Amino acid sequence: MLIMNKYEFGNDFIWGVATAAYQIEGAWNEDGKGESIWDRFTHTKSKNPFKERIYQNQNGDVACDHYHRYKEDLDLMKELSIPNYRFSLSWTRIFPDGKLTSKNQKGIDFYHRLIDACIERNITPNVTIYHWDLPQALEDNGGWTNRDTYLRFLDYVDFVTKEYNDKVPRWFILNEPFAFTVLGYFLGIHAPGRKGFANFYPAIHHVTLAQGDGGKIAKKNCPNAEIGTTFSCSYIEPVSKDGFWGILNQGAAIRFDALLNSLFIEPMLGMGYPVDRLPSLKTLEKYYKEGDEERMKFNADFIGIQNYTRELVQWSPFMPVIWGTIIEAKKRCEKTTEMGWEIYPEGIYHLLKKYASYPNVKKIYITENGAAFPDQLVEEDGKIRIHDIERINFLKSYLEQVLRAKKEGVPVYGYFIWTFIDNFEWAEGYRPRFGIVYVDYQTQKRYVKDSGYWYRDFLEGKDV
Ligand code: FCB
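All of these numbers come straight from a predicted model, not from anything done at the bench.

About the thresholds
- Residues numbered from 1 in each chain as written.
- Predicted model: local features only at pLDDT ≥ 70, side-chain atom pairs only at ≥ 80, totals over all residues.
- Heavy atoms only, no water.
- Helix = DSSP H or I, 4+ residues; strand = E, 2+ residues; numbered from the N terminus.
- Expected span 1.5 Å × (residues − 1).
- Bend = angle between axes of the 7 residues up to and from the residue.
- Buried < 20%, exposed > 50% of the residue type's maximum accessible area, 1.4 Å probe, protein only.
- Contact = heavy atoms within 4.5 Å.
- Polar contact = N/O pair within 3.5 Å; in protein donor to acceptor, adjacent residues only side chain to side chain.
- Near = heavy atom within 4 Å.
- Areas by Shrake-Rupley, 256 points an atom, 1.4 Å probe, with all protein chains shown as cover.
- Phe/Tyr/Trp six-rings, centres within 6.5 Å; stacked < 30°, edge-to-face > 60°.
- Lys NZ or Arg CZ within 6 Å of the ring centre and 35° of its normal.
- Core = buried A, V, L, I, M, F, W, Y, C linked by side-chain atoms within 4.5 Å.
- Pairing = 2+ DSSP bridges.

S.K.: Is there a simple way to think about helix 3 (residues 66-79) in this case?
M.R.: Since one α-helical turn is 3.6 residues long, residues separated by three or four positions face the same way. Across its 14 residues, helix 3 extends only 17 Å between first and last C-alpha, which sits more than 12% below the 20 Å expected from 1.5 Å per residue. In the structure, helix 3 departs most strongly from a straight axis at E72, where the bend amounts to approximately 35°. Looking at helix 3, one finds that the buried residues are H66, Y67, Y70, D73, L74, L76 and M77. In the segment just after helix 3, S81 is the residue with positive phi, at about 60°.

Next up, the structure:
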């Protein structure tokens, strides 16, 4: 396997790890925290007796107990020489019912302590404002399908960017708007469990407004910080390109690419929704109010892209709107990750090229990349070790492709591993382990995996 050195990426390249509040904090109802849609979703039994909502009915009530153990976790991060920590704020710790009037000082103080603890250890705090845990009180009013939620979000952005202002040099407005709207408001497999176009379309539009205006407010409040947002993306290819079916498959690939990879970035860049490639998106106009085109725009300092896999698609007459279907990796690949995702490092290269080709994308950070594998604990000389060589190979092969894009002029300036410690992987519960640090959920003990030591050596400038 290839040998790499961080200096090949340049001295101004930032390195880090990422997490999200609901996935690690626990303390779901402590110190005045309000209920979020993920609390409600995980606490509610599935109506379908054959299918649980969450793997083994697990939830994030305790998770990694990071709320109480953040200092030890940051000590470990420092031991591994990780210079940047990307984490998210839980809206309901700060405003338990989502509105300014419910302000909760204890929640506000927690994030001051967390940010200060990063700074004391020379770790730069990178803050995501919204990583999926909407206040349940807002969901009771329609959640993202209600335009009012976008206005409440702006109040929240305004407050946190003023409150933590100069301590945070880099802000991320949203985490993966496509993922949380499609999974939570169309397929119903994530919180809040809504389904269908009648929920999906208004949610898309209100989230797009939140992204645009939220970015502008953050920039106004923190002119010296970098303000951006993140997008999930998967490299899309047609299952075949030749002949009659190949042409139809190519059409499906274009539509999937528009939906998965362009839906939220293009309106931000002032290009509107990708209606030319996916005509049904014209329906979104139903939710427009005068002036919305301006509201959707935001001149971001950077974009964050989050990539895990590639999708192969095929034309299908049974899927209205998209007229295509994804061929599951499990059916076509010999080996996948624990999530059933294909390992396809070249995909990140193609995606970097795609995003760099948009006018006005000034800087790109990879804000999430990583993989879940079934880690095995072994005892060696009285010590617990986890030889997660597959994860090391995954990270190296993806980084190699990031470097390839960079050498070809793509303005990519940062990389965050998903994730620091194993955590609650949404509907998949605690089963998939993405961390470079292993968590024993019974004892809450942390064990650094070989990938964690590998990252440390890499960050310390060694050839690895
Ligand atoms: C991303 C999410 C993150 C985590 C990884 C595996 O889509 O942003 O919270 O679940 O996937």
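S.K.: Explain the environment of Y111 to me, please; I cannot follow it from the model alone.
M.R.: In this structure, Y111 sits in helix 5 (residues 105-120). By relative accessible area, Y111 is classed as buried at 0%. For the pair formed by Y111 and E400, sequence separation is 289 residues and the distance between their alpha carbons is 35 Å. Leaving out residues up to four positions away in the same chain, Y111 has contacts with A21, E25, S88, L89, S90, R93, I94 and Y164. A distance of 2.9 Å separates the side chain of Y111 from the backbone nitrogen of S90, its partner in a polar contact.

S.K.: I would appreciate a short explanation of the site of the ligand in the present structure.
M.R.: The local shell around the ligand consists of Q23, H131, W132, N175, E176, Q306, Y308, E368, W418, E425, W426 and F434. One of the side-chain nitrogen or oxygen atoms of E425 is found 2.9 Å away from an oxygen atom of the ligand. Contacts to the ligand include W426, whose side-chain N or O atom sits 2.9 Å from an oxygen atom. Taken by itself the ligand offers 290 Å² of open surface, and the protein chains cover 94% of this.

S.K.: Sorry if this is basic, but what is going on with the packing of aromatic side chains here?
M.R.: Any pair of aromatic rings gets described here by the distance separating the centres and the angle formed by the planes. Under the criterion given, the structure shown has 49 aromatic pairs. Consider the rings of F9 and F13, whose centres lie 5.1 Å apart with planes at 55°: the pair is tilted. When sorted by exposure, F9 lands in the same class as F13, which is buried. Pairing Y308 with F434 gives two aromatic rings, centres 6.0 Å apart and planes at 80°, and the pair type is edge-to-face. Within this pair, whereas Y308 is found in strand 6 (residues 302-315), its partner F434 is found in the loop between strand 11 (412-418) and strand 12 (437-440), the two being separated by 126 residues in sequence. Owing to a relative accessible area of 12%, Y308 belongs among the buried residues under this scheme. In this structure, R86 packs its charged tip against the face of F172, placed 5.1 Å from the ring centre. The residue whose ring lies beneath K363 is Y413, and the NZ or CZ to ring-centre distance is 5.7 Å.

S.K.: Quick question: what am I supposed to make of the nonpolar core here?
M.R.: Within the largest apolar cluster, 139 residues are counted, with the highest numbers of intra-cluster contacts made by W144, F153, W171 and Y455. For this core, the leading source of residues is helix 9 (residues 197-221), giving nine residues. Beyond its immediate sequence surroundings of up to four residues, Y455 is in contact with W15, G16, V17, I82, Y415, I417 and I436. Counting twelve residues, the second-largest nonpolar core is a separate cluster that includes I14, Y365, F416 and F434.

S.K.: Looking at this structure, how should I read the pairing of strand 2 (residues 84-88)?
M.R.: A regular strand places its side chains so that they alternate between the two faces of the sheet. The buried count for strand 2 comes to five of five residues, which makes it a mostly enclosed element. Taking every second residue as pointing to the same face, both faces of strand 2 are buried, with N84, R86 and S88 on one and Y85 and F87 on the other.

S.K.: Mind showing me how you'd approach the pairing of strand 8 (residues 364-368) here?
M.R.: Taken across its five residues, strand 8 has five buried, putting it largely inside the fold. Examined bridge by bridge, strand 6 and strand 8 share four bridges and lie parallel to one another. Paired with I305 across the two strands is I366, which belongs to strand 8. Strand direction decides the pairing type here: strand 8 and strand 11, joined by three bridges, are parallel. Residue pairing for strand 11: Y365 is matched across the bridge by G414.

These figures capture arrangement, not role.
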